[in-house]
Amino acid sequence: MDSGLQHILDSGDRTLFDVRSKAAGPQGAAPITPEMLLLRPSGDLFGWTQNAGMGWDPALLGGKEFLILSTHGGIRAADGTPVALGYHTGHWEVALLMDAAAKELKSRGAVPFAAYCTDPCDGRTQGTTGMFDSLPYRNDAASIFRRLIRSLPTRSGVLGVATCDKGLPAMMMALAGTQDLPAVLIPGGVTLLPEEGEDAGKVQSVGARFSHGQITLEEAAEAMCRSCASPGGGCQFLGTAATAQVVGEALGMSLPHSALAPSGHPIWVDMARRSARAVLAMETRGLTMRGVLTDASVRNAMVTHAAFGGSTNLILHLPAIAFCAGLARPTVDDWTHVNRQVPRLVDALPNGPKMHPTVQVFLAGGVPEVMLHLRRAGLLDTGAMTVSGETLGTMLDWWEQSERRATLRQTLRERDGVDPDDVIMDPAGAHRRGLTSTVTFPKGNLAPGGAVIKSTSIDPSVVGADGVYRMTGRARVFRSEHSAVAAIKSGGIHAGDVLVLMCRGPMGSGMEEIYQITSALKYLAFGKHVSVITDARFSGVSTGACIGHVTPEALAGGPIGKVREGDSIEIVIDRVKLEGTVNLVVNGDAAEGARVLAARPLRDDLAPDAALPPETRLWAMLQDASGGTWGGCVFDVEAIGKRLTTSLP
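The shown structure was predicted, so the numbers you read here are calculated from the model rather than taken from an experiment.

**Notes on the layout of surface pockets**
Rolling a probe over the atoms, with the probe sized like a water molecule, indicates the empty space that remains.
Okay, so step 1: In this structure, the largest pocket occupies an estimated 1100 Å³ of space.
Okay, so step 2: Around the largest pocket, the lining is made up of 46 residues, and of these Cys121, Gly123, Arg124, Gln204 and Cys228 lie nearest the centre.
Okay, so step 3: For the lining of the largest pocket, the secondary-structure elements that each account for two or more residues are helix 5 (122-125), helix 8 (206-211), helix 9 (217-226), helix 10 (240-250), helix 22 (481-490) and helix 24 (515-522).
Okay, so step 4: At four residues, helix 24 tops the list of elements feeding residues into the lining of the largest pocket.
Okay, so step 5: A breakdown of the residues in the lining of the largest pocket according to their chemical character gives 22 nonpolar, 19 polar and five charged.

Quick look at the structure:
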C-alpha cells in the first residue's frame, strides 16, 4: 500500500485499539423530588442527566440556568497562540469573556451554558464573492441565536458576547426578540493601533496605493503585518463594529462604559464578570428586555449614533433591532430629524479631524461621556431603563463622579499625551473644530426612493464655504466592483468622474460593501475629486462623496439602471441642512434629465452577479417583502405571509 495512504488510514499506534463499551459514570444523585418526576417535562429531567454526564456536580444541578451566547471563532491555546485561526480578531478572544462570565455565574450558584454561532469578516471578504453573504448572514445568525435560546427551555437569562459588523447586530436582534427574559449584551471591544504602522482601515488600500506608486512592496508588506497590533477586538476605527457596540450601550443593553474596551485587558475581562452579576440581578428583580428596550431607548441610540458620527450601516441594523423588540422602526425622516438636532461630538477614525482610534475614545469616556454632553443639551430621555437595573440618568450621575472616569481620562493624558476633551467635545468645542452632523439622505431623479451619504466624512477641502458639496461630473458606469477597482488601479478613473456602480443592491449581490473602492479613492491624491453612486452599501470606515443605498436598485427598475457612460451627473450635498440631490442633468437641467430617464429603457446588460448564492437570492426576496433596506432588511413574517397569500391562485 502507498505509504501516504497508509499514513492516512493508520497512525501505527496499537494502544488506540483499547476500546471500552462501558464506564463507571458520574457519582452522586440528582436532587430531584417526587413533584419533579410527576410534573416536569421529560426534557427537563433528561437535561439534568446530560449535565451530570458532562461533569457538573449533581448536587448543584438545582441552580438557575443561564445561557451565554457568542460569536467566538478559531481555536486559541491557553497561552494565546493560535491552533486554528478565526476569521477575524473580533471573535478571536471573546471566549475569554465567556469564560469570565461563566465562572462568575458558577461562583454565585448559577448553572452556565455556552453556545456559539461564529461570524464572517467583512474586511476579509472585501472584493470577493464572500461579501454576497455578509448582510444576509445577519438575519440567519439572529435566527440561530433565537433558536439556541429557545432550545434551552430552562434558561433564566441570557448573556450575548459579540464584537463585529454582522455578528453583533445579529446578537442584538436575538436579545431584543427575547423580550420576556433578562439579557445583557457584552461587547467584544477593540484592537489596538500599532506603535508604528497603519490602522486596519488604511491598510486595506495597499493594493491601490501600490498600483499608483505611492508605496513600495516592502512598505506594503510591513503595513499588512503590523496593522492589527493586538490579537483580539474589532477594528480600531469607528466603523460598523465599533458603532454597533456604541449603539448597544446607548440602547441600555450593555453596562455603562462597556463599548470599545481594549480586548485582552483586565478592564475588558472585568466587564464580563460584572455583566454576569447584572443578568443575575435582573432575574432577581424581574427586569427583562421588554423593560429595557423601548421607543425612548431607540431614540437615545439614534441620538448617540449621531453624536459619534457612526457607520451608516446602523441605518440597516437599528431598525432591525427595533423590529425584533416589537417597536416602531426608525424611518428616514426620523434619522434626518435626529441628525439635524444632534451635533457630532467625537473625533475618531475615520471622520477626523485628528482621527483618534476607538480605544482612545474609550479612555476619554466612551458612550457615557458623550451622553453627559447630550444630557446637558436636553437630547436624551434619561428615564430609559438599562440592564444595570437603574435608569440612564442614574447611570450618568454615577459616571460623572466615578473614579473610573477620572482615572482613565488622566491615563489618556499621561500615557498618550491626548487631551480627552479633544476626543470627546462639548457642542461648542465641536463646532469650533468644524465637526459636522453625520448623515444625509439625498434624493433626486437617480434616487427617487432615497439614498444615504455619510456627509460628515466628505473631505472639507472640496466643500464650499457655505457647507455645501457640489459636483457635476461624467458618469463612469460599472456593474461589478472588480471592474471598477481595476479601472481605479489602471488609471481609468480621473478627477471629476462620477463612478456609478449598479446591480450591487440586495437582488444583485446581497447589497455588498464596496470598501475596496472607497478606500482606494480615499488614499489616492485625486480620489477626493471623484464621487461614487451605487445601490450597494459602504463599510462603516468609508469616507468621501460616496452615495449608497440608492433605491430603487437597478434590478428593481431603478433609474440608476438607466445611466449611460458619459452622462452628466450633478450631486449637491448640504452638510448644514442635511439635504441633497443626485440627478442626471442635461445641459445642467435636472428636469430635462428626468425626462430623458423617463424615456430611456433600462440597460440591457443588467443582471444579478452570476455567483450570487441561492440563499442570498431568497434573502433579497424576503427582505424586500418586509420593507426593504430602509426597513432594516428584516423578515416580517406577517408581510411575507400576506404577499404569499395574495399571490396564490
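**Topic: the pattern of salt bridges**
Okay, so step 1: Applying the stated criterion across every chain, the model contains 30 salt bridges.
Okay, so step 2: The closest approach of N and O atoms between Glu565 and Arg476, which form a salt bridge, is 2.3 Å. Within this pair, whereas Glu565 is found in the loop between strand 11 (546-551) and strand 12 (568-574), its partner Arg476 is found in strand 8 (residues 468-478), the two being separated by 89 residues in sequence.
Okay, so step 3: Several salt bridges converge on common partners, so that one network encompasses Asp122, Lys166, Glu513 and Arg537.

**Some words on the sheet that holds strand 5 (residues 155-162)**
Okay, so step 1: Read across the open sheet, the four strands follow the order 4-1-5-6; overall the sheet is parallel. Since the sheet does not close on itself, it has two edges, and those belong to strand 4 (111-116) and strand 6 (183-187), each with one partner. On average, adjacent strands in this sheet sit at an angle of 20 degrees to one another, irrespective of strand direction.
Okay, so step 2: Along the sheet, helix 11 (residues 266-285) contacts strand 1 (65-70), strand 5 and strand 6; its crossing angle with strand 6, the most-contacted strand, is approximately 170 degrees.

**Quick look at the sheet that holds strand 9 (residues 497-501)**
Okay, so step 1: Pairing in this open sheet of seven strands is mixed, and the strands run 7-11-10-9-8-12-13 from one edge to the other. The open sheet has two free edges, formed respectively by strand 7 (450-452) and strand 13 (579-585), since each of these has just one partner strand. Strand-to-strand, the axes of this sheet are offset by a mean angle of 30 degrees, without reference to chain direction.
Okay, so step 2: Alignment of strand 8 against strand 9, held across five bridges, turns out to be parallel. Paired with Arg476 across the two strands is Leu499, which belongs to strand 9.

**Description of the packing of helix 4 (residues 94-107) against helix 11**
Okay, so step 1: Where helix 4 meets helix 11, the closest approach of the two axes is 8 Å, and the angle between their N-to-C directions is 40 degrees. Accordingly, the angle class assigned to the pair helix 4 and helix 11 is oblique. Handedness of the crossing formed by helix 4 with helix 11: right-handed. Where helix 4 approaches helix 11, its residues Leu96, Leu97, Ala100, Ala101, Glu104 and Leu105 are matched on the opposing element by Trp268, Val269, Ala272, Arg273, Ala276, Arg277, Val279 and Leu280.
Okay, so step 2: Across the contact of helix 4 with helix 11, the residue classes break down as 11 nonpolar, no polar and three charged.

**Points about the environment of Glu513**
Okay, so step 1: You can see Glu513 is positioned in the loop between helix 23 (506-509) and helix 24.
Okay, so step 2: Separated by 388 residues in the primary sequence, Glu513 and Thr125 place their C-alpha atoms 9.2 Å from one another.
Okay, so step 3: Excluding anything up to four places from it in sequence, Glu513 contacts Asp122, Gln126, Met131, Asp165, Lys166, Thr240, Asn313, Glu481, Arg537, Phe538 and Ser539.
Okay, so step 4: Within polar-contact distance, the side chain of Glu513 engages the side chain of Gln126 at 2.8 Å.
Okay, so step 5: Within the structure, the side chain of Glu513 is placed 3.2 Å from the side chain of Arg537, a separation counted as a polar contact.

About the criteria used
- Residues numbered from 1 in each chain as written.
- Predicted model: local features only at pLDDT ≥ 70, side-chain atom pairs only at ≥ 80, totals over all residues.
- Heavy atoms only, no water.
- 1 Å grid on protein atoms, 1.4 Å probe; cavity = no way out; pocket = protein on both sides within 12 Å on 5 of 7 lines; lining within 4 Å.
- Points joined across faces, edges and corners; volume = space filled by probe spheres on them.
- Helix = DSSP H or I, 4+ residues; strand = E, 2+ residues; numbered from the N terminus.
- Nonpolar A, V, L, I, M, F, W, Y, C, P; charged D, E, K, R; others polar.
- Salt bridge = Lys/Arg side-chain N within 4 Å of Asp/Glu carboxyl O.
- Pairing = 2+ DSSP bridges.
- Axes fitted to C-alpha atoms, helices over the stretch in contact; angles between N-to-C directions.
- Contact = heavy atoms within 4.5 Å.
- Parallel < 35°, antiparallel > 145°, perpendicular 65-115°, else oblique.
- Left-handed = near helix turned anticlockwise from the far one by under 90°.
- Polar contact = N/O pair within 3.5 Å; in protein donor to acceptor, adjacent residues only side chain to side chain.

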